[in-house]
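Observations on the three-dimensional arrangement
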Amino acid sequence: MANIIDGKKIASEVRADIAAECAALKEKGITPGLAVIIVGEDPASKVYVKNKKKGCEEVGFHSEVYELPEETTEEELLALVHKLNGDDKIHGILVQLPLPKHLNDEVIIQNIDPKKDVDAFHEINVGKIMIGNHDFLPCTPAGVMVLLERSGIEVSGKECVVVGRSNIVGKPQAMLLLHANGTVTICHSRTKDLAEVTRRADILVVAIGKADFITGDMVKEGAVVIDVGMNRRADGKLTGDVDFATVEPKASYITPVPGGVGPMTITMLLSNTLTAAKKSVK
Ligand code: GUN
């Protein structure tokens, strides 16, 4: 029987700390502010943006949400980003991805002031993470590291296997595990004999976006299994990338979906916004 890592509980503990720091900053006349921009009508993105706004309100941040129509041009979106770059009430700017196809994610992200890039997607922030001198850490991988720390799981010296190589999760996750002195392997769709690699993992982080992909036979007895996946089944139920029923009996620790990594992502966004606000007064 695995220990279930309760992401909701850990997220609420971290958010309580953020709320306390926010209250202290407000006494000095600074209210952390986050601007979220969403373009178009993607239903999943709308839910994420609503939750980001709610998260801000709960910890006492100022928040602004910009809902732009699908046909917004690159010039219009860049004009808004540039306006927010110069707005002292706003310490963090997040452009919800994916953008509609006619807009180039990279162009938009590289126009966000790196000091306000609370997603840590700007190339300056990605480079800083690579050399271990970061201002912000990307929200989901940072959330995974907090879950490991607060569960008392040591990374140093462990075999860490990351399944998935996205810029948002897989690549930065591998880097954070490396900085924590793990021995890290990144797997992807071209990996030969994936199960042979995943079975080596003391800590297995899965972020590939395929429902129930990792099964019990792919996991070592006693492994820590972190499921970043968030997939919707045909019946509407949420499920991760890990087949919980067959993996949980073998794991020592496992994150559920929902209620594992998910609640940490917005928590780390709030943490990054707080960091940006604090840095703005130095
Ligand atoms: N879409 C899905 N995840 C994310 C994220 O972490 N940041 C942004 N900006 N968009 C997303």
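Residues numbered from 1 in each chain as written. Predicted model: local features only at pLDDT ≥ 70, side-chain atom pairs only at ≥ 80, totals over all residues. Heavy atoms only, no water.

1. Considerations on the overall build of the chain
- The number of helices and strands found in the chain is 10 helices and 11 strands.
- On C-alpha atoms alone, the chain measures out to a radius of gyration of 19 Å, which is about the 19 Å that the 2.2 N^0.38 rule sets for 282 residues.
- A principal-axis box enclosing the C-alpha atoms of the chain has dimensions of 50 × 40 × 35 Å.
- Put simply, the chain has 282 residues, and 50% of those count as buried.
- Long-range pairs, those at least 24 residues apart, make up 71% of the contacts in the chain with a sequence separation of at least 6.
- Here the chain contributes 33 positive and 39 negative side-chain charges, whose respective centroids are spaced 2 Å apart. (Helix = DSSP H or I, 4+ residues; strand = E, 2+ residues; numbered from the N terminus. Rg over C-alpha atoms; globule rule 2.2 N^0.38 Å. Buried < 20%, exposed > 50% of the residue type's maximum accessible area, 1.4 Å probe, protein only. Contact = heavy atoms within 4.5 Å. Lys, Arg positive; Asp, Glu negative; His and termini not counted. Charge placed at Lys NZ, Arg CZ, Asp CG, Glu CD.)

2. As for the nonpolar core
- If you look at the biggest cluster of nonpolar residues, it comprises 52 residues, and the most contacted ones within it are Phe61, Leu148, Leu177, Ile203, Ile226 and Met264.
- If one sorts the elements of this core by residue count, helix α10 (residues 262-280) sits on top with eight residues.
- In this structure, Val161, Ala201, Met218 and Val225 belong to the second largest nonpolar core, which totals 19 residues. (Core = buried A, V, L, I, M, F, W, Y, C linked by side-chain atoms within 4.5 Å.)

3. Points about the sheet that holds strand β11 (residues 253-254)
- Taken together, six strands build an open sheet; the order of strands is β1-β11-β8-β7-β5-β6 and the sheet is parallel. Each having just a single partner strand, β1 (3-4) and β6 (183-187) make up the two edges of the open sheet.
- The pairing of β1 with β11 spans two bridges and is classified as parallel. Along β11, the bridge assignment pairs Asn3 with Tyr253.
- Sheet strands in contact with helix α7 (residues 170-179) are β5 (159-163), β6 and β7 (203-206), and its direction is about 170 degrees off that of β5. (Pairing = 2+ DSSP bridges. Axes fitted to C-alpha atoms, helices over the stretch in contact; angles between N-to-C directions.)

4. Topic: α7
- Buried residues dominate α7, accounting for seven of its 10 residues.
- The elements touched by buried residues of α7 are α5 (123-130), α6 (139-150), β5, β6 and β7.
- Asn181 occupies a position one or two residues after α7 and carries a positive phi of about 70 degrees.

5. Some remarks on the pattern of salt bridges
- Scanning all chains against the criterion turns up 14 salt bridges.
- Overlapping salt bridges, with partners in common, bring together Lys9, Glu13, Asp17 and Arg150 in one network. (Salt bridge = Lys/Arg side-chain N within 4 Å of Asp/Glu carboxyl O.)

6. Quick notes on the site of the ligand
- Taken together, the neighbourhood of the ligand is formed by Leu94, Val95, Gln96, Leu97, Asp119 and Phe121.
- The contact in question runs from a nitrogen atom of the ligand to an N or O atom on the backbone of Val95, over 2.8 Å.
- Within the backbone of Leu97, a nitrogen or oxygen atom sits 2.8 Å from a nitrogen atom of the ligand.
- Alone, the ligand offers 280 Å² of accessible surface; in the complex the protein occludes 80% of this.
- In the shell around the ligand, the residues fall into four nonpolar, one polar and one charged. (Near = heavy atom within 4 Å. Polar contact = N/O pair within 3.5 Å; in protein donor to acceptor, adjacent residues only side chain to side chain. Areas by Shrake-Rupley, 256 points an atom, 1.4 Å probe, with all protein chains shown as cover. Nonpolar A, V, L, I, M, F, W, Y, C, P; charged D, E, K, R; others polar.)

7. Digging into the pairing of β7
- Of the two faces of β7, the one holding Ile203 and Val205 and the one holding Leu204 and Val206 are both buried throughout.
- Inspection of the sheet shows β7 paired to strand β8 (residues 224-227) by four bridges, in the parallel sense. Across the sheet, residue Val205 finds its bridge partner in β8, namely Ile226.

8. Overview of unusual backbone geometry
- Cis geometry marks the peptide bond from Leu97 to Pro98, where omega comes out at 0 degrees.
- Mapping Pro98 onto the fold places it in the loop between β4 (92-95) and α4 (105-110).
- Residue Pro258 follows Val257 across a cis peptide bond; omega there is 0 degrees.
- By secondary structure assignment, the location of Pro258 is in the loop between β11 and α10.
- Positive phi, close to 60 degrees, is recorded for Ala120, a residue that is not glycine.
- With respect to the element layout, Ala120 can be found in the loop between α4 and α5.
- You can call Ala120 buried: its relative accessible area is 3%.
- Located in the positive-phi region is Asn181, a residue other than glycine, with phi close to 70 degrees.
- Overall, Asn181 belongs to the exposed group, its relative accessible area being 51%.

Just geometry here; none of it tells us what the structure is for.
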